[in-house]
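Inside the fold
Each chain is listed here by its residues.
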Amino acid sequence: SAVISQKPSRDICQRGTSLTIQCQVDSQVTMMFWYRQQPGQSLTLIATANQGSEATYESGFVIDKFPISRPNLTFSTLTVSNMSPEDSSIYLCSLGVAGVGEQFFGPGTRLTVL
Amino acid sequence: DQQVKQNSPSLSVQEGRISILNCDYTNSMFDYFLWYKKYPAEGPTFLISISSIKDKNEDGRFTVFLNKSAKHLSLHIVPSQPGDSAVYFCAATTESGQLTFGSGTQLTVLP
């Protein structure tokens, strides 16, 4: 199975700043996703990261707040912009394989916004 | 509107006994169901899945049961071990491949 890494693993940021989270996979994958897990809550899909085109965002998430890049099949970034304490969450990338229901998750990035 | 629900936030079970985690869903378009296990400071790990055309899938100590008419699935762990202590997420997907997660159940297996 693919190895998925995320950077940073955790960060503490000031309100109003932005943080870019990186997701690296050791093999080429078709589908990459970004999720958020707020404290005590479930995982919520933010967007599907599309290679070479704009990400597809879920209801309640917008590109200005969560810009996503996916320049190739092994790498994606999620930026959390103009952060507020409500953005404190664990952010996870995952990869999916076409025709297979399972997704495989990275270790997550724990973000705390003061 | 929660399409996937896990109504028990926590469950404690004695080592060696059966753990039963439950999950309900509302979207009849879901055709594939999964269970993930999550340890603190780690990403969720895929555990077991079941297609909507089946009613049972077994993998070692883990068995998932699906009752489509009731829109209910459950995960059975037998026998439970202390290392099984984790948060368990139920998830469902349609043809789009996007996962919808439940809120999770914290399982504690007592030695």
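Okay, so let's go over this structure. Residue positions are given per chain, counting from 1 as you read along its sequence in written order. Labels are handed out in written order, letters beginning with A for the chains and numbers beginning with 1 for the ligands. Given that the model is predicted, a residue must reach a pLDDT of at least 70 before its local features are reported, and side-chain atom pairs must reach 80 or more before they are shown or counted; all residues, however, enter totals for whole chains, interfaces and linings. Processing note: side-chain calculations cover all non-hydrogen atoms of the structure and skip hydrogens and water entirely.

Moving on: the overall build of chain A. Secondary structure counts use DSSP, requiring at least four H or I residues in a row for a helix and at least two E residues in a row for a strand, with both numbered from the N terminus. A tally of regular secondary structure across chain A gives zero helices and eleven strands. Starting at the N terminus and walking to the C terminus, you meet the elements of chain A as β-β-β-β-β-β-β-β-β-β-β. The C-alpha atoms of chain A give 13 Å as radius of gyration, which agrees with the globular expectation for 114 residues (13 Å, within 12%). Dimensions of chain A along its principal axes, counting C-alpha atoms only, are 40 × 25 × 20 Å. Exposure categories follow from relative accessible area, calculated using a 1.4 Å probe and restricted to protein chains: below 20% of the type maximum is buried, above 50% is exposed, and the middle band is partly exposed. By the burial criterion, 49% of the 114 residues in chain A qualify as buried. Within chain A, contacts between residues separated by at least 24 positions form 54% of all contacts whose residues are at least 6 apart in sequence. Looking at chain A as shown, the accessible area adds up to about 5400 Å², and 50% of this sits on carbon and sulfur atoms. For chain A, the distance from the average site of its 7 positive side-chain charges to the average site of its 8 negative ones is 8 Å. For the radius of gyration, the atoms used are the C-alpha atoms, and the globule rule reads 2.2 Å times the number of residues raised to 0.38. By the convention used here, residues are in contact when the closest approach between their heavy atoms is within 4.5 Å. Here, Shrake-Rupley sampling with a 1.4 Å probe gives the accessible areas, and only protein chains in the shown set may cover a residue. The charge count includes Lys and Arg as positive and Asp and Glu as negative, but it does not include His or the ends of the chains. A charged residue contributes its charge at one atom only: NZ of Lys, CZ of Arg, CG of Asp or CD of Glu.

Let us look at unusual backbone geometry. Residues apart from glycine generally show negative phi values, whereas peptide bonds are mostly found in trans. The amide bond that connects Lys7 of chain A to the next residue, Pro8 of chain A, takes the cis arrangement and shows omega of -10 degrees. Mapped onto the fold, Pro8 of chain A is located in the loop between β1 (4–7) and β2 (10–13). The amide bond that connects Val78 of chain B to the next residue, Pro79 of chain B, takes the cis arrangement and shows omega of -10 degrees. Inspection of the secondary structure puts Pro79 of chain B in the loop between β8 (72–77) and β9 (86–93). If you check the backbone angles, Asn82 of chain A has positive phi at about 45 degrees while not being a glycine. As for its placement among the helices and strands, Asn82 of chain A is situated in the loop between β8 (75–80) and β9 (89–96). When its relative accessible area of 53% is taken as the criterion, Asn82 of chain A is described as exposed.

Residue and element names in this part refer to chain A. Any two strands between which DSSP finds at least two bridges are classified as paired. Reading across the sheet, the four strands line up as β1-β3-β8-β7 and stay open at both edges, with antiparallel pairing between neighbours. The sheet is open, and its two edges are formed by β1 and β7 (68–72), each paired on a single side. For this sheet, the mean inter-axis angle between neighbouring strands, taken without regard to orientation, is 15 degrees. Sheet topology note: the β7/β8 ladder contains three bridges and is antiparallel. Residue Ile68 lies in a different strand from β8, and its bridge partner there is Leu78. To obtain an axis, a line is fitted to C-alpha atoms, over the contacting stretch when the element is a helix, and the angle between two such axes runs from 0 to 180 degrees between their N-to-C directions.

Here the focus is the interface of chain A and chain B. Taken together, the contacts link 17 residues of chain A with 17 residues of chain B. Computed with a 1.4 Å rolling probe, the buried area is the accessible surface lost when two parts are put together, summed over both parts. The contact between chain A and chain B buries some 1300 Å² in all, and 57% of this surface belongs to carbon and sulfur atoms. Whenever Lys or Arg places a side-chain nitrogen within 4 Å of a carboxyl oxygen from Asp or Glu, that contact is recorded as a salt bridge. Linking chain A with chain B are zero salt bridges. In protein, a polar contact requires one atom able to donate a hydrogen and another able to accept it; more generally it is a pair of N or O atoms within 3.5 Å, and residues adjacent in sequence count only if both atoms are side-chain atoms. Connecting chain A to chain B are six residue pairs in polar contact (both at pLDDT 80 or more). Taken together, the elements giving at least two residues each to the side of chain A that touches chain B come down to β4 (31–37), β5 (43–49), β9 and β10 (103–105) of chain A. The class makeup of the residues in the side of chain A that touches chain B is nine nonpolar, six polar and two charged. The nonpolar class holds Ala, Val, Leu, Ile, Met, Phe, Trp, Tyr, Cys and Pro. Asp, Glu, Lys and Arg form the charged class, and all remaining residues, Gly among them, are polar.

The analysis is restricted to geometry; functional conclusions fall outside its scope.
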